[in-house]
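# Coordinate analysis (summary)
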Amino acid sequence: MTNTVTADRRHFEDLVVGEVITLGQVTVTRDMIFAFAREFDPLPFHLDEAAARRSLLGGLAASGWQTAALSLRMLVDTFLGKVASMGGLGFSDLKWKQPVMVDDTITGTATISALRRSRSHPERGIVTLQFDIHNQNNDPVMSMALANLVALRVPDAPVETAL
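Residues numbered from 1 in each chain as written. Predicted model: local features only at pLDDT ≥ 70, side-chain atom pairs only at ≥ 80, totals over all residues. Heavy atoms only, no water.

### Re the packing of aromatic side chains
Here is the rule: Note on ring pairs: Phe, Tyr and Trp rings are taken, using the six-membered ring of Trp, and paired if centres are within 6.5 Å. Classes follow the plane angle, with under 30 degrees stacked, over 60 edge-to-face and the rest tilted. Helix numbers and strand numbers start at the N terminus; a helix is a DSSP run of H or I with at least 4 residues, a strand a run of E with at least 2. To sort residues, take the accessible area from a 1.4 Å probe on protein chains only and compare it with the maximum for the residue type: under 20% means buried, over 50% means exposed, and anything in between is partly exposed.
Throughout the structure, instances matching the rule amount to three aromatic pairs. Taken together, a centroid distance of 5.0 Å and an interplanar angle of 45 degrees make the contact between Phe-36 and Phe-40 tilted. Of this pair, Phe-36 and Phe-40 are both found in helix α1 (residues 30–40), four residues apart, which corresponds to roughly one turn of the helix. Residue Phe-40 is classed as exposed on the basis of its relative accessible area, which comes to 55%. The interplanar angle of 85 degrees and the centroid separation of 4.9 Å between the aromatic rings of Trp-65 and Trp-96 together place this pair among those described as edge-to-face. With Trp-65 in helix α4 (residues 64–78) and Trp-96 in strand β2 (residues 85–96), the pair connects residues that are 31 residues apart, well separated along the chain. Note on Trp-65: relative accessible area 45%, which makes it partly exposed. Clustering of aromatic rings is evident, with ring pairs tying together Trp-65, Phe-91 and Trp-96.

These values are about where atoms sit, not about what they do.
Spelled out as structure tokens, the structure:
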């Protein structure tokens, strides 16, 4: 039976290891940093410009979690919103390489680094994406691996033919 919600989206069978997804870009403003920090990461170097200047960061910086959230949003806009995504499984190897400062523009890529059928639910596939996020100067700011479930177009296909 075809899922009418995801029928026009890419499925597990359509994905290829090595595919590079070019993400959009977002400029991180002072107001964005303050709003995120007030709600989720209220440390002084995210909320107080004077304290931020005296900190190791040397100025007002976005939370690393904000960088990750913005990166995920760019991934949804450019890729996950166009595949039969069934949700995330988690992430690994998260590295914040340097802070994202006020008015930095971040962008990057997500590369499909692995594909496999789920062992416990063979009607689902698992795609692993390697994020490489950088700022407007091409300085790396974040990397991580993200695993996501993706539906198979033919859920009952034998495992060996659906890879």
